[in-house]
Amino acid sequence: MGTARLGTTRQDIERAAELLRQGELVAFPTETVYGLGAHAMDAAAVDKIFQAKGRPADNPLIVHIAHRVQLADLADNLPPVAEKLIESFWPGPLTLVLPRQPGVPDRVTAGLSTVAVRMPNHPVALSLLQTAGVPVAAPSANRSGRPSPTAAVHVLEDLDGKITAVVDGGTTGVGVESTVLDVTVDPPMILRPGGVTKEMLRQVIGPLQEDLSLKRNSGEEMDPALAPAANGRIATAPRSPGMKYTHYAPRGEMWIVEGPVDKQVELIQTLVDKSTAEGTRTGVLTTDEHQAAYRADAVLSCGKREALETVAAGLYGVLRRFDELGVERIYAESFPEAGIGAAIMNRLRKAAGYRVIR
Ligand code: TXA
Ligand code: MG
């Protein structure tokens, strides 16, 4: 079975919406990454997501809505802080973990007492969700363990023939997934850094906590116990089930190089030369500012270090490109962890399996 390629005409959106209502899988663009959508209240439809992605069953899904009123069927007893966040950041790249309504299928929440919900800020996503008129469960539209798709062609690379349709709305904007914030605890806890930054959240709601596993995974406090075990899990138990799996991984072995930027460039070139001399096909993940400074089999820029949002937007596409080029080892520059930099470094560390060199 082939996957239907749809555009964004009214007719295409109506077709995609009808497929969703009928329990079929439809991939669609959001402002972060492409999502793989299924009717959230249809357990059999949701089940197909896990099959198509090869996703572990204990990893819950984010439910996408187009209107605030749709929240009533999904979540209950909203804490006041949730109202403030919705007003400030929806539609946008902020997922809220809320107390669930009993009607939400266990398949969506992996049996948790909470449900994750977001309203994407993308005209095609919103129009599809409005037309479908049902809440849509949607993880990133990649095979489990692959970098999230930021273009329809990435979705097809991973899922062609496994899903009914993909709506091609061009490349996504933010490029990394939404921030996941648990508001069932006080103060609210960041489970996954993303497009809405810690700094932005603090301005609206004040104090925040961060999932301990995120802190430990940051370079300042490398814990060897966090190195992924052979079964692909990390040795701590993060609150967001998805965070325990190694993710976003390119096929080549990736190393992150930390330290002052000019020293990074020097050290990376030394490492590349050594690795190349050993006969390993070696790549460098860099930015426009330093692209010309390297000699390697593949030197790929994600964007401009001066404008970190361009690095976020380009990151996953570059990870996929290394695979296409058959790169066996990748050395990556690192980035300051302020603003969107926190999400970039979180994804880079996961992609690298927490391999860091200083
Ligand atoms: O930007 C995004 O969020 C994209 C687009 C498509 O909206 N979606 C996405 O979904 O990244 P996914 O499935 O790749 O990531 C969902 C994350 C996982 O880490 C999962 O464990 C967490 O959200 N999550 C979902 N429900 C949860 C819950 N009830 N409690 C805690 N974490 C939850
Ligand atoms: Mg994902």
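Parameters at a glance
- Residues numbered from 1 in each chain as written.
- Chains lettered and ligands numbered in written order.
- Predicted model: local features only at pLDDT ≥ 70, side-chain atom pairs only at ≥ 80, totals over all residues.
- Heavy atoms only, no water.
- Pairing = 2+ DSSP bridges.
- Helix = DSSP H or I, 4+ residues; strand = E, 2+ residues; numbered from the N terminus.
- Contact = heavy atoms within 4.5 Å.
- Axes fitted to C-alpha atoms, helices over the stretch in contact; angles between N-to-C directions.
- Buried < 20%, exposed > 50% of the residue type's maximum accessible area, 1.4 Å probe, protein only.
- Polar contact = N/O pair within 3.5 Å; in protein donor to acceptor, adjacent residues only side chain to side chain.
- Salt bridge = Lys/Arg side-chain N within 4 Å of Asp/Glu carboxyl O.
- Domains from an automatic or database assignment.
- Buried area = accessible area lost by both parts, 1.4 Å probe.
- Phe/Tyr/Trp six-rings, centres within 6.5 Å; stacked < 30°, edge-to-face > 60°.
- Lys NZ or Arg CZ within 6 Å of the ring centre and 35° of its normal.
- Core = buried A, V, L, I, M, F, W, Y, C linked by side-chain atoms within 4.5 Å.
- Parallel < 35°, antiparallel > 145°, perpendicular 65-115°, else oblique.
- Left-handed = near helix turned anticlockwise from the far one by under 90°.
- Nonpolar A, V, L, I, M, F, W, Y, C, P; charged D, E, K, R; others polar.

Draft legend 1. Structural context of the sheet that holds strand β12 (residues 253-257). Sheet architecture is open: five strands sit in the order β14-β13-β15-β12-β16, paired in parallel fashion. Only two strands of the sheet have a single neighbouring strand rather than two, namely β14 (298-301) and β16 (356-357). Strands β12, β13 (282-286), β15 (329-333) and β16 of the sheet are contacted by helix α9 (residues 261-277), whose axis makes an angle of about 175° with β15.

Draft legend 2. Just the side chain of Glu-177, in detail. Its location among the elements puts Glu-177 in the loop between β8 (165-167) and β9 (179-182). Glu-177 sits in the buried class, given a relative accessible area of 4%. A polar side-chain atom of Glu-177 sits 2.5 Å from a polar atom in the side chain of Ser-148. A polar contact is formed between the side chain of Glu-177 and the side chain of Arg-347, at a distance of 2.8 Å.

Draft legend 3. Broad picture of the pattern of salt bridges. Inspection of every chain in the model, using the stated rule, returns 23 salt bridges. Residue Arg-146 pairs with Asp-158 through a salt bridge whose shortest N-O separation is 3.3 Å. You can see Arg-146 sitting in the loop between β7 (136-137) and α6 (152-159) and its partner Asp-158 sitting in helix α6, a full twelve residues away along the chain. Of the two residues examined, Arg-146 and Asp-158, each falls in the buried class. Among the ionic contacts, a cluster of salt bridges with common partners joins Arg-146, Glu-157, Asp-158, Arg-251, Arg-320 and Asp-323.

Draft legend 4. Fine view of the domain arrangement of the protein chain. For the protein chain, the assigned domains are domain 1 (4-211) and domain 2 (253-357). Spacing between the C-alpha centres of domain 1 and domain 2 amounts to 29 Å. Taken together, the contacts link 22 residues of domain 1 with 16 residues of domain 2. Summing both partners gives a buried area of about 1,400 Å² for domain 1 against domain 2, and 53% of it is carried by carbon and sulfur.

Draft legend 5. Up close: the packing of aromatic side chains. Under the counting rule described, the total for this entry stands at zero aromatic pairs. Taking NZ or CZ as reference, Arg-355 lies 5.9 Å from the ring centre of Trp-255, over its face.

Draft legend 6. Seen up close, the nonpolar core. Formed by 65 residues in total, the largest nonpolar core has its most connected members in Leu-36, Leu-85, Trp-90, Leu-94, Leu-96, Leu-181 and Leu-201. It is helix α5 (residues 123-132) that provides the largest number of residues to this core, a total of six residues. With residues near it in sequence (within four places) discarded, Leu-94 still touches Leu-85, Phe-89, Val-117, Arg-118, Ser-178, Thr-179, Leu-181, Val-196 and Leu-201. Within the second largest apolar cluster, 28 residues are counted, among which are Cys-302, Leu-308, Val-327 and Ala-332.

Draft legend 7. Fine view of the packing of α6 against helix α10 (residues 308-324). Contact geometry for α6 and α10: axes closest at 12 Å, N-to-C directions at 50°. Looking at the two axes, α6 sits oblique to α10. The interaxial crossing formed by α6 with α10 has left-handed handedness. Residue-level contacts link His-154, Glu-157 and Asp-158 of α6 to Gly-317, Arg-320 and Glu-324 of α10. In the contact of α6 with α10, the residues fall into no nonpolar, two polar and four charged.

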